[in-house]
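Tertiary structure, described
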Amino acid sequence: MSKRHLTFICQNCGAAHGRWQGKCEGCSEWNTLSEEGADRPAGPGRKPGKGRLFALEPLAGAAQEAPRTGSGIGEFDRVTGGGFVRGSVLLLGGDPGIGKSTLLIQAAAALAGHRQHAVYISGEEAVAQVRLRAERLGLSQAPVQLAAETSVEDIIATLSEGKIPRLVVIDSIQTMWTDTVESAPGTVTQVRASAQALIRFAKKSGATIILVGHVTKDGQIAGPRVVEHMVDAVLSFEGEGSHQFRILRAVKNRFGPTDEIGVFEMTGAGLREVANPSELFLSERDLGQPGTAVFAGIEGTRPLLVEIQALVAPSSLGTPRRAVVGWDPSRLSMVLAVLEAHCGVRLGGHDVYLNVAGGLRINEPAADLAAAAALVSSLANAPLPADAVYFGEVSLSGAIRPVAQAAARVKEAAKLGFARAIVPEAARAEAGDGAIKLTDVTSLAALVADIAARGKRAAAA
Ligand code: TYD
Ligand code: MG
């Protein structure tokens, strides 16, 4: 067998192929292969050389410095798990224009304000452009050091001189290139090699590096999915284009939780932290309209109240439409199926739309009950009580199952002025009747009957 080097690399999944072909065998994407210089030959092709000796260290060594440095932005630290860990590398992904550069220049400035050495290296914008943005953010006096550079070797050489920075922002990894490989910047090989070099520098020097990564239209951090495996944490910065909210989420985190979210608002003067997101997500509520229910959710350790909106309308289509924003479509299908099978709700001739207000994305099954309430409320044209919140998981049998942290959910609802909560039976014992009236439901059918009765009363009045 000939020992050819594999030189066609899939730009989507990084699989290597010996010859060009239209479809990648790794990920079944079309037209993603491009020719790249092979990595240095390894294995049998390479002459066996003698390795350099290195010292092994005991695990029980003392850590020399505080392992974490807070960024100075509370919502950012919440997501990273309490600040930047020395020598760690984070990848921040997000759509173009979502505010990644803004967030990081703010974080760098906040850190520099605490007398930590912060460096911001932009491969996309000129120094003057970065300055202009900082000026707009009111940060022009922050002692952050800037450079517009794309050569990884030059960057590492410069950073290794003198005092090692505490934080280095590389905006973005796709613009970086290293001359150890021949491919063009932005290709998988370049991105991987550049990231590897920067990660090696971070581990050796103790600096924290944040790499910015672009996201493709299907939500992957473009090309360099390979990088996701190499870094310590992958953060994603999300938001709906038309909303001002931005949510920072940890997708992977070696040094902290992955279920915390940080909430920001994009204002004329940059990103503002939102310490109490419930108020924000409820601020534009359509009070007393059919089809809206307030869900008492938990994001990480923090309770979060959010409005769920549903529209159920007669359909003229053979196959009615099911559209959902901010929630799992298969979860919606399940709730609809339970409504049909156990509650006598006929939805076969109706289009169903479900939306989580404010551009938030909910992953909890606890939202089932609120979603079902919103759907039935819309269908029956019966507004739900404006002072009620809902939470509970719907099982396939139509029973309402208990969910975690009921007490925290109820407490948050009481804090925001809600007077009652519709909850699973078990939640009553856990949360206890306090400032807020708890109504337990044992089955989805009972909830449906209740909402339908409200609709009849409203129609008769
Ligand atoms: P940016 O940080 O450049 O996004 P990214 O680096 O993710 O591509 O943010 C650009 C957007 O943010 C742009 O559409 C304008 C908006 N913006 C504000 O609304 N206020 C501000 O103070 C700044 C700096 C940007
Ligand atoms: Mg940018």
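Right, let's get into helix H9 (residues 368-379). Across its twelve residues, H9 extends 16 Å between first and last C-alpha, which sits within 8% of the 16 Å expected from 1.5 Å per residue. When you tally the buried positions in H9, you get eleven out of twelve residues, the bulk of the element. For H9, the full list of buried residues reads Asp368, Leu369, Ala370, Ala371, Ala372, Ala373, Ala374, Leu375, Val376, Ser377 and Ser378.

Backbone-to-backbone hydrogen bonds join strands into a sheet, with any given pair of strands oriented parallel or antiparallel. What the three strands build is an open sheet, ordered E2-E1-E3; its pairing is antiparallel. Two strands close off the open sheet at either side, each with one partner strand: strand E2 (16-17) and strand E3 (33-35). Pairing analysis gives two bridges linking strand E1 (residues 8-10) to E2, with the strands arranged antiparallel. Opposite isoleucine 9, over in E2, you have alanine 16 as the bridge partner.

Looking now at the site of ligand 1. The immediate surroundings of ligand 1 are formed by 16 residues, with Gly97, Lys100, Ser101, Thr102 and Gly270 found nearest. Note that an oxygen atom of ligand 1 is positioned 2.6 Å from one of the side-chain N or O atoms of threonine 102. Summarising the interface, the protein chains cover 73% of the accessible area of ligand 1, which totals 560 Å² for the free molecule. Only helix H2 (100-113), helix H3 (127-136) and strand E13 (261-267) provide two or more residues apiece to the shell around ligand 1. In terms of residue count, H2 provides more of the shell around ligand 1 than any other element does, three residues in total. Here the residues of the shell around ligand 1 are counted per class, giving five nonpolar, seven polar and four charged.

Looking now at the environment of threonine 301. Looking at where threonine 301 falls in the secondary structure, it is placed in the loop between strand E15 (292-299) and strand E16 (302-314). Here the alpha-carbon distance between threonine 301 and threonine 267, two residues 34 residues apart in the chain, equals 26 Å.

Burial runs high along strand E6 (residues 89-94): six of the six residues are buried. Side chains Val89, Leu91 and Gly93 of E6 all project onto a buried face; the interleaved residues Leu90, Leu92 and Gly94 project onto the opposite face, where all are buried too. Both E6 and strand E10 (residues 208-214) contribute to a ladder of six bridges, which runs parallel. For leucine 90, the partnering residue across the bridge sits in E10 and is isoleucine 210.

With that settled, consider the pattern of salt bridges. With the rule as written, the count across this model stands at 18 salt bridges. In this structure, the salt-bridge partner of arginine 361 is glutamate 238, at a minimum N-O distance of 3.5 Å. Here glutamate 238 lies in strand E11 (residues 233-238) and arginine 361 lies in the loop between strand E18 (350-356) and H9, a separation of 123 residues in the sequence. The partly exposed category is assigned to arginine 361, whose relative accessible area is 37%.

A few words now on the confidence of the model for the protein chain. This prediction gives the protein chain a mean pLDDT of 86; 91% of its residues lie at or above 70. By mean pLDDT, helix H7 (residues 277-282) is the weakest element of the protein chain at 78, and strand E20 (residues 393-394) is the strongest at 96.

Bringing the nonpolar core into the picture now. Judged by nonpolar contacts, the single largest core of 66 residues is most densely connected at Leu339, Leu375 and Leu444. Per element, the largest residue contribution to this core is eight residues, and it comes from H9. If near-sequence neighbours (up to four positions away) are discounted, leucine 339 is found in contact with Gly344, Val345, Leu347, Leu375, Val376, Leu444 and Val448. Ranked by size, the runner-up nonpolar core spans 32 residues in total, among them Ile73, Phe84, Leu90 and Leu104.

To continue, consider the sheet that holds E6. Read from one edge to the other, the open sheet built from nine strands follows the order E8-E7-E9-E10-E6-E11-E12-E13-E14, with strand pairing classed as mixed. Bordering the open sheet on either side are strand E8 (145-148) and strand E14 (270-273), each of which pairs with just one other strand. Looking at each pair of strands side by side, their axes are set apart by 25 degrees on average, direction ignored. Pairing of E13 with E14, which is carried by four bridges, proceeds in the antiparallel orientation. Note that in E14 the partner of threonine 267 across the bridge is glycine 270. Here H2 sits on the sheet and contacts E6, strand E7 (118-122), E8, strand E9 (167-171), E10, E11, strand E12 (245-253), E13 and E14; the angle it forms with E7, its principal contact strand, is near 155 degrees. Most of the contacts of H3 go to E8, to which it runs at about 140 degrees, and overall it touches E7 and E8.

With that out of the way, let us pick up the packing of H9 against helix H12 (residues 444-460). Close contact between H9 and H12 brings their axes to 10 Å; oriented N to C, the two are set at 35 degrees. In the packing of H9 onto H12, the handedness of the crossing is right-handed. Packed against H9, whose contacting residues are Leu369, Ala372, Ala373, Val376 and Ser377, the element H12 presents Leu444, Leu447, Val448 and Ile451 at the interface. Classifying every residue of the contact of H9 with H12 by side-chain character gives eight nonpolar, one polar and no charged.

The next subject is the side chain of arginine 246. One can find arginine 246 in strand E12. As a buried residue without a salt bridge, arginine 246 has its nearest oppositely charged side chain in aspartate 95, at a separation of 8.9 Å. For arginine 246, the side chain forms a polar contact with the main-chain oxygen of isoleucine 98, separated by 2.8 Å. Not counting residues up to four positions away in its chain, the partners in contact with arginine 246 are Ile98, Phe237, Glu238, Glu240, Gly262, Val263, Phe264, Met266 and Leu271.

Now for the state of the cysteines. Applying the stated criterion across every chain, the model contains zero disulfides. Free of any disulfide, cysteine 10 has its nearest neighbouring cysteine sulfur in cysteine 24, separated by 3.7 Å. Assessed through its relative accessible area of 0%, cysteine 10 is described here as buried. Under the relative-accessibility criterion, cysteine 24 is labelled buried at 1%.

Criteria and thresholds
- Residues numbered from 1 in each chain as written.
- Chains lettered and ligands numbered in written order.
- Predicted model: local features only at pLDDT ≥ 70, side-chain atom pairs only at ≥ 80, totals over all residues.
- Heavy atoms only, no water.
- Helix = DSSP H or I, 4+ residues; strand = E, 2+ residues; numbered from the N terminus.
- Expected span 1.5 Å × (residues − 1).
- Buried < 20%, exposed > 50% of the residue type's maximum accessible area, 1.4 Å probe, protein only.
- Pairing = 2+ DSSP bridges.
- Near = heavy atom within 4 Å.
- Polar contact = N/O pair within 3.5 Å; in protein donor to acceptor, adjacent residues only side chain to side chain.
- Areas by Shrake-Rupley, 256 points an atom, 1.4 Å probe, with all protein chains shown as cover.
- Nonpolar A, V, L, I, M, F, W, Y, C, P; charged D, E, K, R; others polar.
- Salt bridge = Lys/Arg side-chain N within 4 Å of Asp/Glu carboxyl O.
- pLDDT = per-residue confidence, 0-100.
- Core = buried A, V, L, I, M, F, W, Y, C linked by side-chain atoms within 4.5 Å.
- Contact = heavy atoms within 4.5 Å.
- Axes fitted to C-alpha atoms, helices over the stretch in contact; angles between N-to-C directions.
- Left-handed = near helix turned anticlockwise from the far one by under 90°.
- Lys, Arg positive; Asp, Glu negative; His and termini not counted.
- Disulfide = S-S within 2.5 Å.

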